[in-house]
Amino acid sequence: SKKLEINREQRALMKAIVDAYNRHQIPEDVAKKLLQDQYSPEENFLLLTEMATSQVQVLVEFTKNIPGFLSLDREDQIALLKGSAVEAMFLRSAQVFSRKMPTEHTDVLEERVRKSGIPDEFMTPMFNFYKSIGELHMVQEEQAILTAITILTPDRPYVKDPQAVERLQETMLDVLRKLCVLQHPQEQQYFARLLGRLTELRTLSHYHSEMLASWRMNDHKFTPLLCEIWDVQ
Ligand SMILES: O=C(NC1CCCCC1)[C@H](C1CCCCC1)n1c(-c2ccc(-c3ccccc3)s2)nc2ccccc21
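Residues numbered from 1 in each chain as written. Predicted model: local features only at pLDDT ≥ 70, side-chain atom pairs only at ≥ 80, totals over all residues. Heavy atoms only, no water.

1. Some thoughts on the site of the ligand
What surrounds the ligand is a group of 22 residues, the closest being Val30, Asn44, Arg92, Ser93 and Tyr130. Note that a nitrogen atom of the ligand is positioned 3.2 Å from one of the side-chain N or O atoms of Ser93. Tyr130 is positioned such that a nitrogen or oxygen atom in its side chain is 2.7 Å from a nitrogen atom of the ligand. Only α2 (30–36), α3 (41–64), α4 (74–97), α6 (123–136) and α10 (208–213) provide two or more residues apiece to the shell around the ligand. In terms of residue count, the dominant contributor to the shell around the ligand is α4 (six residues). By residue class, the composition of the shell around the ligand is 16 nonpolar, five polar and one charged. (Near = heavy atom within 4 Å. Polar contact = N/O pair within 3.5 Å; in protein donor to acceptor, adjacent residues only side chain to side chain. Helix = DSSP H or I, 4+ residues; strand = E, 2+ residues; numbered from the N terminus. Nonpolar A, V, L, I, M, F, W, Y, C, P; charged D, E, K, R; others polar.)

2. Description of the packing of aromatic side chains
Given two aromatic rings, one states the distance between the centres and the angle between the planes to describe the pair. By the definition in use, this model includes nine aromatic pairs. For the pair Tyr21 and Phe62, a centre-to-centre distance of 5.7 Å together with 75° between the ring planes defines the contact as edge-to-face. Remark: Phe62 occurs in helix α3 and Tyr21 occurs in helix α1 (residues 8–23); sequence separation between them is 41 residues. Among the aromatic residues, those joined into a cluster by ring pairs are Phe45, Trp215, Phe222 and Trp230. Seen from the ring of Tyr21, Arg92 lies directly overhead, with NZ or CZ sitting 4.6 Å from the centre. (Phe/Tyr/Trp six-rings, centres within 6.5 Å; stacked < 30°, edge-to-face > 60°. Lys NZ or Arg CZ within 6 Å of the ring centre and 35° of its normal.)

3. Overview of α6
In an α-helix, one full turn covers 3.6 residues, which means residues spaced three or four apart are oriented alike. Relative to the 20 Å expected for 14 residues at 1.5 Å per residue, α6 spans 20 Å between its end C-alpha atoms, a close match to the ideal helical length. Buried residues of α6: Met123, Met126, Phe127, Phe129, Tyr130, Ser132, Ile133 and Leu136, and no others. Buried residues belonging to α6 abut α4, α5 (103–114), α9 (190–206) and α10. Looking one or two residues beyond α6, the residue adopting positive phi is His137, at roughly 45°. (Expected span 1.5 Å × (residues − 1). Buried < 20%, exposed > 50% of the residue type's maximum accessible area, 1.4 Å probe, protein only. Contact = heavy atoms within 4.5 Å.)

4. Regarding the confidence of the model for the protein chain
In this model, the protein chain carries a mean pLDDT of 92, and residues with pLDDT of at least 70 account for 98%. Overall fold confidence for the complex sits at a pTM of 0.94, while the interface term, ipTM, reaches 0.98. (pLDDT = per-residue confidence, 0-100.)

5. Regarding unusual backbone geometry
What is expected of a backbone is that most residues other than glycine have negative phi and most peptide bonds are trans. Notably, Asp219 is not glycine yet its phi reads approximately 55°, a positive angle. Relative to the elements of secondary structure, Asp219 occurs in the loop between α10 and α11 (224–230). The backbone phi angle of Asp231 is positive, close to 50°, even though this residue is not glycine. Positionally, Asp231 belongs in the segment after α11.

6. Points about the nonpolar core
Counting 78 residues, the largest nonpolar core has Met126, Ile145, Met172 and Trp230 as its most contacted members. In terms of residue count, α4 provides more of this core than any other element does, 12 residues in total. (Core = buried A, V, L, I, M, F, W, Y, C linked by side-chain atoms within 4.5 Å.)

7. Overview of the packing of α5 against α6
Running from amino to carboxyl end, α5 crosses α6 at an angle of 150°, the nearest separation of the two axes being 11 Å. Considering the angle they form, α5 stands roughly antiparallel to α6. For the crossing formed where α5 meets α6, the hand is right-handed. Residue-level inspection shows Glu110, Val113 and Arg114 of α5 in contact with α6, the latter providing Met123, Met126, Phe127 and Lys131. (Axes fitted to C-alpha atoms, helices over the stretch in contact; angles between N-to-C directions. Parallel < 35°, antiparallel > 145°, perpendicular 65-115°, else oblique. Left-handed = near helix turned anticlockwise from the far one by under 90°.)

8. Some details on the packing of helix α7 (residues 140–151) against helix α8 (residues 162–183)
Geometry of a packed helix pair, given as the angle between the helix axes and the separation of the axes. For the pair α7 and α8, the least separation of the axes is 10 Å and the interaxial angle reads 155°. When the axes of α7 and α8 are compared, the pair comes out roughly antiparallel. Taken as a pair, α7 and α8 cross one another with a handedness that is left-handed. Seen from α7, the contacting residues are Glu141, Glu142, Ile145, Leu146, Ala148 and Ile149; seen from α8, they are Gln169, Met172, Leu173, Val175, Leu176, Leu179, Cys180 and Gln183.

Structure (structure tokens):
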């Protein structure tokens, strides 16, 4: 029916976002590194800060390709990036964790992350989120559009024109809704479950400053970019 069909304009929008999402992959595959060796909390913290610094740069490039983003108020663009960077990091970590790999690799990866230096009390919510993302078996279009929807959240701190952001987010939500029906015709509430993950993501991301501050080591060093993004130091 007309209502459900992805029209030409939406197909172009989806292509732009998926191309940008694939173009801006994380340079070094952190999963491969973690599967190679067990690192000390200090080495893991350094690995996280390196991965996170490059991921923020990747996120900025991806965001610039979201149709309409660059026509938003300049300060609102910064507010949206700052407000979504940690969530995008956890979303990308979940996608890395849920990537198709032999079971024993997933088990080793889980073990390495559990022993990375992050305090134990954060492990349950973090892995609950990773596993709930994994169970969705998202196609890459859904992953890319979900990341764009996360960035285009109107109620981030300091956004001056939330309506303009809401208009862009609604366009993305409409495409994602149609895509979910097409990709997962059996699962009625798939789209609703997908959006429910964004709520879980926001809750998980609330802990990030505490996770970093209580990483099992002394003298936590951050890059200036991460001090800005992570609300630390
Ligand atoms: O490198 C990583 N993630 C990259 C981020 C950028 C995008 C690609 C993925 C880290 C590593 C964890 C182990 C120690 C080294 C770093 N990672 C996490 C995180 C746990 C906590 C995280 C965090 C983020 C912000 C603030 C406070 C805490 S990220 N979950 C993973 C699941 C699977 C593979 C790696 C994973």
